[in-house]
Every structure is written in C-alpha cells, then in structure tokens.
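Close look at the chain arrangement
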Protein chains: 2
Amino acid sequence: MSDRYIAFANSNVGRRLVGALGLPAPVRLERWSAGRTRPVAGALLLGGSGQLGEAVLTFAARLSDSAYAAIDGQHGLRRWTAEHGPALKALVFDASGLARFEQLIELRDFFQAALKGLDLCPHVVILGRAPESLKDPIAASVQRSLEGFSRSLGKEIRRGGNVQLLYVGKGAEEQLEGALRFFLSPKSAYVSGQVVRLSACAEQVRDWSRPLAGKRALVTGAARGIGAAIAETLARDGAEVVLLDVPSAKDALDALAARLGGHGLALDICAADAGQALVAALPDGVDILVHNAGITRDKTLAKMSEAFWNSVLDVNLKAPQQLTQALLDAGTLHDNARVVLLASISGIAGNLGQTNYAVSKAGLIGLAQAWAPALGKRGISINAVAPGFIETQMTAAIPLTIREAGRRMNAMGQGGLPQDVAEAVAWLAQPGSGAVSGQVLRVCGQSLLGA
Amino acid sequence: MSDRYIAFANSNVGRRLVGALGLPAPVRLERWSAGRTRPVAGALLLGGSGQLGEAVLTFAARLSDSAYAAIDGQHGLRRWTAEHGPALKALVFDASGLARFEQLIELRDFFQAALKGLDLCPHVVILGRAPESLKDPIAASVQRSLEGFSRSLGKEIRRGGNVQLLYVGKGAEEQLEGALRFFLSPKSAYVSGQVVRLSACAEQVRDWSRPLAGKRALVTGAARGIGAAIAETLARDGAEVVLLDVPSAKDALDALAARLGGHGLALDICAADAGQALVAALPDGVDILVHNAGITRDKTLAKMSEAFWNSVLDVNLKAPQQLTQALLDAGTLHDNARVVLLASISGIAGNLGQTNYAVSKAGLIGLAQAWAPALGKRGISINAVAPGFIETQMTAAIPLTIREAGRRMNAMGQGGLPQDVAEAVAWLAQPGSGAVSGQVLRVCGQSLLGA
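Residues numbered from 1 in each chain as written. Chains lettered and ligands numbered in written order. Predicted model: local features only at pLDDT ≥ 70, side-chain atom pairs only at ≥ 80, totals over all residues. Heavy atoms only, no water.

**What to know about the relation of the copies chain B and chain A**
Filter applied, for reference: Each copy is superposed on the other by least squares, with the fit set by C-alpha atoms of residues at a pLDDT of at least 70 in both. Between two residues, a contact is recorded if the distance between any of their heavy atoms is within 4.5 Å.
When chain B is fitted to chain A, the residual RMSD is 0.0 Å, and the transformation amounts to a turn of 180° plus an axial shift of 0.0 Å. Those values place the two copies in the arrangement expected of a two-fold rotation axis. Closest approach to the rotation axis among the C-alpha atoms of chain B is made by Gly450 of chain B, whose C-alpha sits 1.8 Å away. A shared binding surface is used by both copies, with 100% of the interface residues of chain B retained as interface residues in chain A.

Following this line, the structure appears as structure tokens:
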C-alpha cells in the first residue's frame, strides 16, 4: 500500500543514486494536515489583468498575516526571483481579460519569470471565462486555448507542482475563495491539469476552519480505503458523518464511526429495500451524499460473465442512482445538498479488461451531467470525482510491473493517496461549491491517460 | 519515415520471433486504395434494437453484391462464428434504444458473440443518442455510458480493429450512410475510440465514387507530408484542388499540383495581405477549406523565446482565423462550405515543451467550437482534426526512443500515415458531413494520451 520508491528517492542516499542513474525523481507531495489554517504557506503572486483580480486580492487579504501576496506590477515581475523575495508557493494568473491572440504572450511573460522563483509543491491557478459564454469567436478561441497552456504547463512544472484552469462565470466571483482555498492549498496536492467551471451560488461557507459545520453527510463504502478517508475528511471539516458499508464490514465501520463521532449503517446498497432502509436511517435528512461504494470484476469482454457485468453495474451505477432517487422522493435529501459520485479515469479513457467498470463509471459521469440541471433548481449540485492511480489495498493487489506503470504515468510520477480524493470530495461538499455542478474532477496527478 | 518494426513483425521470420519473445505485434492496417468501391469487403453484422437499424439496412442494401449483411436475430447471433458464416469485417450495434441500466447487458451479449467471428482489421460502430438530447437522466446516463464501453472495447479489440460511437440526432439518419462509409471502411483505419455527433444536414453526396465532384478545395501547407496527402485524397474524391504553401516550397508544390490537375499558390499565410491575395486567387470561390499549415518551435516555457511563441501562434492559429474571416468577408467561402482545421492531441492533452504549440492547437479547437453556430446558419461546417503520432518527415526527426514510445502508445501499437489524416479530412469535406460541426476528430489509433 506504500510507494517505497518515493521514500527511497527522497532519502539522502537515494537522492544521489537516483540523480546519478537518471531515474525518475518524484517529489514527496505536501498534504494538508488537520489543524492547519493557512491555505498558502508562502508567497502568492498574482498576474494578468482581467476582471477577476479583485476577487483574488480579497482572498489574499484574508490569508493569515504571515502569507504574502505580491502583485505583478508592470516592472515588478522581472525582479521576482528567489533572491529578491520569498519563494513562490502559489501563482494566480487572471487571463479573463485575454480576448485577442496577440495577448496570449502575456502567459509566457508572466510564467517564464515566475517559474524562476517557485518553491517546492507550488500551486498554479489560471482564471478565465468559459468559451461557450463568449459571443466573439476569437475571444472564445483565446479562452479555449488556455486549456492547451495549462495542461502543457502541468507537464512541465515538476517540483510536485500542479496547474488548473478555472472558468469563472458572471456572478461566480464570490465563489472564487472556496475554489482557491482548495486549488492553492495542499488539499489539491494530487489534482492537476483540470478545467473547472464556476457559476453563481447562493450559499457560502461561514467558517473556513469548519466549512461543513452543521451538515450531515452519508458516505457509502466507508469502512476502508478511499471511503474511510472521505468520511474522516468530512468529519474533520465539521460534518456529522453517517458511514455506510456492507454488513460484513460492520466491525471496521462501527470502529471508524465511533472514532469520528458519527454512526455506522451496515446495509447492502443493492438490496431491494435499500432505499427505504436508508430513508428510515436518516430521519433528519442529509446534506452531503457521497456515492463511493464500488467494485471491480475485471475480464476482457470475450470472457466477461453475465454475473461480472451485472454486479459491477448494480453496485457502481444502479445503486447510486436508485438511492439518490429514493432520498429525493422521500424529501431526505435537503435543498442545497451536495452529491458526489466516485467515477474513475477508466470511465473517461476506457480500459482493457474493464468494459463493465468503464461503462459504470462513464454512466456516473453521465448521471452527474444529466441530473445537474433539474437538481440545480433546488440548489443541489451533483458532480463526479474521477481518481487515477491511488495507493489503496485495491491497487496494492495489482502485479508489480503494471502497478509501477500506473504509478509513474502521470505528471507527478507517483500514485495519489486516499486523502487526495477525500479532499476533492470535501471541497465539492462545501456550501459554496454549488458553483460547480454536472462536472468531472479528476484526481490523478495529471495522468497521461485520457480521451 | 517508415516503421521498419511493423514490417519486420509481419514478415515470416519476424512473426515467429516476435511471438516467441512476447514483443508487441502490431497488425499491418488495411488502407483504402484509389479505385476501390466497396466500403466493407466482407460481412457486416447488425445488432441491437434501436430506431436506427433501418438506416443501417439501407446502407447495407446499397453495398456491392458481394458484401454481406447479416441481421442479429434473436437466436441467430450465437451461431455466428467463423465456421458458420463469412468472417465479420464490420459490426454495427444500434444502442439508441437503450434507456435502462439493465439493457446494457445487450452490449456484452452481442459483442461477446460477435468477437469470435472477426476478420482482420474489423470496424465497429456503436450508434446512440446524444445524452444531452434526452430528458430522462437515466436514459442519458445509459447513452453516456456507451463512451466507456466503446473506448474499452477499442483497447481490447486488437487485430487492427477500431471502435467508434456515433450519437445520431433526430433527422440525422440520412447522414448515417456517409459516416458508415467512412467508419466501416479502411478510410478510418487509424481512427478509434472516437465519439461523433451527427445532426441533420440538407446536403447529400450524389456519387459515392466521387463524393467531392464539383467542389473546389484549398489546402494550406500542401507541398509535403500530411498536406500533400490531403490534397491528393481530395483530388481522388473529385475535388478541384488549390495547393498553397510557402514560396520556398514552390517547386514541390507546382509538381504536385500538376500531377493532381490543380494549381499551386505560393503564399506566406502570415503576410499582411495574405487574405487579399487569397481572395484574388480564388475568383470563383471555394467550397472546402483545409487549414493544414503548421509549425513547431518546441522549448520548455522556461526557455521559450518571444519569437518561438509568436511564430507558432501566428502560423497555426492567427493565420487560419484571419484567412477564413477574409474569405467569409469577400463572399469567397461558399454557402455549405466545409472548413477543417488541423489540430493535434497536444492541443487536447498538453505536451511538455509545447506550450506554444498546444495553445495554438487548443485555440483551433476553440475556434471550431465557437464559430460553428454562426457558420451553421449558412450551412457551413467547421471542425478540427487532431492527429496523434503520424509517420512524416517531422516525426522522423524525433530521437529514436521517444519516437518509438510515441508510435506504440496507442491501441494499434503503431503510428498512422498521412493518408489516415487525409481520409478523415476528406470525409469531413463531403457535402453530407455538414452533419458534423464544432467537433474534434482524433486520428491517433486511440492514443493513450488525453485529458
């Protein structure tokens, strides 16, 4: 379950050996630890000249006093090197004002200078306007071209850094803070190369130290692995957690629930009366619904049994849809609820030996996309989170060479941790994250695999 | 410029050695040859039970008499093996009727049986309805899940086969024939794992042996490589071709133009008066516009000069936009014209050392998406074609190990040929291909790389 190579490559002897042999040298990623309050532990540099800079400055001003926000003045940036200021932990470039091809050079100018002053594990966010929201085809093309830039930069940045592109809709400026607190902090350590659209959202986080305070969350498949990490992270952020798993996992489930001050619910989500049982178990309703339970039954299609096909679709796709519908019908799912479906990059790129799994995960992405407009009328958001290679008991069972390939085939040269997926879910579960709906967020270290 | 390994692996000695050593054994792909008339040289099997079967049967009925169309009767399919019928060259599964999760098992049932009877280089097309066109979230999820299936099957099928998913809009049934003639024939040899949306289109191909008869086409960067192959293929399909390239390539350009019965146009597309010159050179207007001219100037962003950045954006992005605008303004671009922009998978996935190139190619994709609605009012379509690793003089210059990685990192274990890109462009240039607009078609052998 652990990546021994990364520990070795970051040891004193290992570092020298890895360098001498020209082996990959993945950086040990910084993660968020409970009790931390500062999203950015170092300097934040703002560049660009769009309409979103003010929202970024508001965020920067609210950072703890030891954080440092610098503004890219006309001549200030060239002097920005490690010698002249603190190393840069976060870069935000407001590209929302770029509307002509000639202006794109500003990206080169800003980042070429800023790259020189980067700290370890830097977080980069590029802000733009969604191309489909723009009338001028050239402006739309310019904004769309930012995807090519951010994804290339994500593959170049190294040092454990990550790069995202946020398309900020009109009226969504107020939701930037929540997004930046995620994407500029170690909470997004293993998220890179992503494109996220923010729209207006009525709800707001009140207390950033406990953004989920007062919310009740249900997490399926919560006894171990990614599900347990999600439950733990939601509880850390203030949510009251209800942990669901199969009856055979009851002991582990109850132990975790007790530790998190929540309660366990042993239930087969594929049972005919699962919806009813769930409604009965949640008399006071639920605000956060995380469909994490999932199974694999891998076989090539030529050897795929009906039982393998059906069990994967039943657990991974049909159950989440039916349980969500049951909670909606019973009024158990509150207005402004947050629904998160655990998909997979297999559902995006397809995978050999996983027709059943890829169908189920692509179906979840489709469910998020299709359900978002109707649920949005009640303020409910629904999104998919698509993990790449995550270090769990499930991936530990993969044969060594395939496991190594899976681990290294991403921009960070390493697998992610269950916590990385959990942090993404916890962000999407926040009140202000109604700004995001019908979308897919990959947690994959910018895996090379895609469609 | 040639892949010697694939020749070796398909030789008598090589085949045995490759097998004994467990090396990759890429199949020599079948390509279309001039003069051929039958899209499917073998049996076509139709399965599924949606509303699109009739359109497929119409197409099958028009196939040459030696082609064979079989219908998946309730019990007929189980008996479909190589012993009981001709090997299958083409599979079409009509999934447009699938609206519930339980029905997805039909995919397994059909393909598991059909896979046993496959010929070499089989072509698979799955037909569905675009999820965004469906009101029922479950039906939309089911249709979306087909992406996971087709992409997984593409990675499993081997034998040089390919798999596509076509979402057929209401009223687009009449355009299925053109799409099937492309996707079920060797014209799409190197296209796989693609999702294409078809909508209604007023125009139709009249003569399938010369689908571009009566059309005038302009191809930029036409002196060599992919551009030359495009010019050649458009001419083969009946178009009158105007070949554009830089003045320094004038000799090669004129020679090719003479051979194709077209004419050459030596012009710097970045010149201030390029638009004017182009309008003047096309007094009778143009029906097909292929922006193929492109350059690379690779450097990591840290070392990217302003000149490298600007030259790539000028040639690859700005010139296509400005020339198209000039042709539109002058009325040179006819109603129902077909515009094709050559993008790249670097523009989709990003690439290390190619921030400038990826920006330019992502910008072209954005241009196609943004311009499609307005141009559609005049019946004009605009699409991007995104090649993966194609065997050209450009890729022959890549160092061996990187070149080998690029060649093999796709479902077909080999690079494509310029002709593969040209066939995709020629299909999008057809009168009936107005059914496709604002989209990106990858020609990449289902490269593993993506976003």
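**Let's talk about the interface of chain B and chain A**
Under the convention used in this document: Whenever Lys or Arg places a side-chain nitrogen within 4 Å of a carboxyl oxygen from Asp or Glu, that contact is recorded as a salt bridge. Any N or O atom pair separated by 3.5 Å or less is treated as a polar contact, with the protein-specific requirement of one donor-capable and one acceptor-capable atom, and with residues adjacent in sequence counted only for side-chain atom pairs. What counts as a helix is a DSSP run of H or I of at least four residues, what counts as a strand is a run of E of at least two, and both are numbered from the N terminus.
Facing 64 residues of chain B, the contacting portion of chain A comprises 64 residues. The interface formed by chain B and chain A contains two salt bridges. Taking the shortest distance from any N to any O, the salt bridge between Lys318 of chain A and Glu102 of chain B comes out at 2.7 Å. Taken together, the links from chain B to chain A amount to 31 residue pairs in polar contact (both at pLDDT 80 or more). At the level of secondary structure, the elements contributing two or more residues to the side of chain B that touches chain A comprise α4 (105–114), α5 (137–156), α10 (306–329), α11 (346–349) and α12 (355–376) of chain B. In terms of residues, the side of chain B that touches chain A owes the most to one element, α5 of chain B, which gives 13 residues.

**Some details on a nonpolar patch on the surface**
Quick reminder of the rule: Two distance rules govern patches: like charges are joined within 9 Å, and nonpolar side chains (Val, Leu, Ile, Met, Phe, Trp, Tyr) within 5 Å, applied only to residues with over 30% relative accessible area and no salt bridge. Note on areas: Shrake-Rupley, 1.4 Å probe, and residue coverage restricted to the protein chains presented here.
Taken together, the side chains of Phe8, Leu17, Leu21 and Leu23 of chain A make up a nonpolar region of the molecular surface, amounting to roughly 360 Å² of accessible area. Within the fold, Leu17 of chain A resides in helix α2 (residues 12–21).

**Let's talk about the pairing of strand β1 (residues 43–48) of chain A**
Residue and element names in this part refer to chain A. Under the convention used in this document: Note on exposure labels: buried denotes an accessible area under 20% of the residue type's maximum, exposed denotes more than 50%, and partly exposed covers the range between, all computed with a 1.4 Å probe on protein chains only. Pairing between two strands is assigned when DSSP locates at least 2 bridges connecting them.
Most of β1 sits inside the fold, with five of its six residues counted as buried. Here β1 pairs with strand β3 (residues 88–94) via six bridges, running parallel. Within β3, the residue paired with Leu46 across the bridge is Val92.

**Things to note about the domain arrangement of chain A**
Residue and element names in this part refer to chain A. For clarity, the threshold we go by: An automatic or database domain assignment supplies the residue ranges for each domain. Two parts placed together each lose some accessible area under a 1.4 Å probe, and the buried area is that loss summed for both.
Each assigned domain of chain A is listed here: domain 1 (36–198) and domain 2 (216–443). Put simply, the middle of domain 1 and the middle of domain 2, counted by C-alpha atoms, are 30 Å apart. For the domain 1 and domain 2 pair, buried surface summed over both sides reaches about 1600 Å², with 64% attributable to carbon and sulfur atoms. Our count for the domain 1 to domain 2 interface comes out at zero salt bridges.

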